[in-house]
Amino acid sequence: VSNSLPLKNYLKLTNMLSRKINLLDAQSESIFLWGARQTGKSTLLKMIFPDLPYIDLLKSDEFERYNRRASLLREELSLLPDNELIIIDEIQKIPALLDEVHWLMSNKNLRFILSGSSARKLRRSGVNLLGGRAIRKHLFPFVSAEIPDFDLIKACNNGMLPRHYLTDDANKRLNAYVGDYLQQEIKAEALTRNLNIFSRFMEVAALSNGEVINYNNIASECGVSAPTVKEYFSILEETLIGYTIPAFTSKVKRRVIQSPKFYFFDVGIANFLLKRKSLLPGSPEFGHALEHLVIQEIIAYIGYSESKHSLSYWRTTSGYEVDAVIGNARVAIEIKSTEEVQSYHTKGLKAFSEEFPDCRLIIVSMDKHPRRMNGIDVLPVQNFLKIMWGGEVF
């Protein structure tokens, strides 16, 4: 086993797949690698680190051994030389292993990559999260900058999970994905007593995808209480299946909505739950999917670039809205699926700029060519994604 990160393997893989996540910190640090199921965590780790000790807790025999006696990990890994790097996949399945990991880090100077699809069980169990001794990384679905000849229409239909994007019709795989999530994450971890109600909640939550969350309305639709709905949204976030985007409320003169927005972590999941198929430009459904995809890419860019700028949205009670606000009004972005942006599409950005005149204003659209319109950059989707991943937006 090599004592250092196999840099050649890392570069070979990133050149082949162009995954944007940076794991070079593993040369000197331990890492928590989080990511929803099927984002490619296991594939990435096995390709970058083919010769490292690899403990896969999805294997029933491995799970049973360590679940029965967590101290086995310490006994076995104590034989390794100091400063070795070890991978433990699906660490959330046995939280007690983190005490052994902590001991091995402190007493044997071992380093770990601890990957998983949910931190909920770890946080709720009050277990040892290594006291800040491990760097946190997040693997997202594919992003446009990782895919040669990126197909925008396919992405809006299939989503960006590797297995889904790379097929012509992702519906069957999406069906299996949602079913596996409910069984493996929700039922297996006993996160809720009633799987049928939670499944219904996911469908109703999809109707709120990209919208301001109204807990009372969703509770009424599902036949549960508003606090239960809040807990269900918390489950979606902590199992990495969705995000809440906070409202931007800094120094505003106009009255603004303060409730968060919700997005599933991948547009394909929302499409499946909403029964949206064969989306083409020009339809309202495509417009919703396009907005979701761009927000998804912004979230991934912020994560991979380790940007200090946060993402929020802005909406006034009178109806003005901006889909994405970066940082403290550094950039404001509106997403439109129209093929030619008109002046009436700019109302939200203009209202925002009245309060934040130094903010860069961008409309992302299906326009054929970039242009500047009344102080607003109108950027075709592909152009926007390219310059964002080139670090030229924020």
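Residues numbered from 1 in each chain as written. Predicted model: local features only at pLDDT ≥ 70, side-chain atom pairs only at ≥ 80, totals over all residues. Heavy atoms only, no water.

Colleague: Where do I start with the packing of helix 10 (residues 195–207) against helix 12 (residues 226–238) in this structure?
Modeller: Axes are the key here: two packed helices are described by the angle between their axes and the distance separating the axes. Viewed as axis vectors pointing N to C, helix 10 and helix 12 meet at an angle of 80°, and their least axial separation amounts to 11 Å. Taken together, the axes of helix 10 and helix 12 are roughly perpendicular relative to one another. Residues Ile197, Phe198, Phe201, Met202 and Ala205 of helix 10 pack against Val229, Tyr232, Phe233, Ile235 and Leu236 of helix 12. (Axes fitted to C-alpha atoms, helices over the stretch in contact; angles between N-to-C directions. Helix = DSSP H or I, 4+ residues; strand = E, 2+ residues; numbered from the N terminus. Parallel < 35°, antiparallel > 145°, perpendicular 65-115°, else oblique. Contact = heavy atoms within 4.5 Å.)

Colleague: Help me understand the nonpolar core in this model?
Modeller: In a soluble, globular protein the nonpolar side chains are often hidden away together inside. Phe201, Phe264, Ile298 and Phe384 are the most contacted members of the largest nonpolar core, which totals 120 residues. With sequence-adjacent residues up to four places away left out, Phe201 is seen in contact with Ile218, Cys222, Val229, Tyr232, Phe233 and Leu236. Counting 18 residues, the second-largest nonpolar core is a separate cluster that includes Val256, Val322, Ile363 and Val378. (Core = buried A, V, L, I, M, F, W, Y, C linked by side-chain atoms within 4.5 Å. Buried < 20%, exposed > 50% of the residue type's maximum accessible area, 1.4 Å probe, protein only.)

Colleague: I tried to follow the pattern of salt bridges on my own but got confused; where do I start?
Modeller: Two side chains that carry opposite charge are able to pair once their charged atoms sit near each other. Applying the stated rule across the entire model yields 19 salt bridges. Linking Arg69 and Glu75 is a salt bridge whose minimum nitrogen-to-oxygen distance equals 2.8 Å. Judged by relative accessible area, Glu75 falls into the partly exposed class, the value being 40%. Beyond isolated ion pairs, a larger network of salt bridges with shared partners links Glu211, Lys261, Arg315 and Glu321. (Salt bridge = Lys/Arg side-chain N within 4 Å of Asp/Glu carboxyl O.)

Colleague: Is there a simple way to explain the sheet that holds strand 10 (residues 321–326) in this structure?
Modeller: Strand pairing in a sheet relies on backbone hydrogen bonds, with the paired strands running either antiparallel or parallel. Judged by pairing direction, the sheet is mixed, and its six strands sit side by side in the order 9-10-11-12-14-13 without closing on themselves. Both outer strands of the open sheet, strand 9 (311–315) and strand 13 (371–373), are each paired with one neighbouring strand and no more. The sheet shows a mean angle of 30° between the axes of neighbouring strands, direction not considered. Strand direction decides the pairing type here: strand 12 (residues 360–365) and strand 14 (residues 376–380), joined by four bridges, are parallel. Counted as the bridge partner of Ser365 is Pro380 from strand 14. In the packing of helix 15 (residues 347–355) onto the sheet, the strands contacted are strand 9, strand 10, strand 11 (331–335), strand 12 and strand 14, and the crossing angle to strand 10 comes to about 55°. (Pairing = 2+ DSSP bridges.)

Colleague: Help me understand the side chain of Lys108, please; the structure alone is not making it clear to me.
Modeller: In this fold, Lys108 is placed in helix 5 (residues 97–108). In terms of polar contacts, Lys108 uses its side chain to reach the backbone carbonyl oxygen of Ser78, at 3.2 Å. With near-sequence residues (within four places) excluded, Lys108 lies in contact with Ser78, Leu80, Asp82, Asn83 and Trp103. (Polar contact = N/O pair within 3.5 Å; in protein donor to acceptor, adjacent residues only side chain to side chain.)

By themselves, these figures tell us nothing about what the structure is for.
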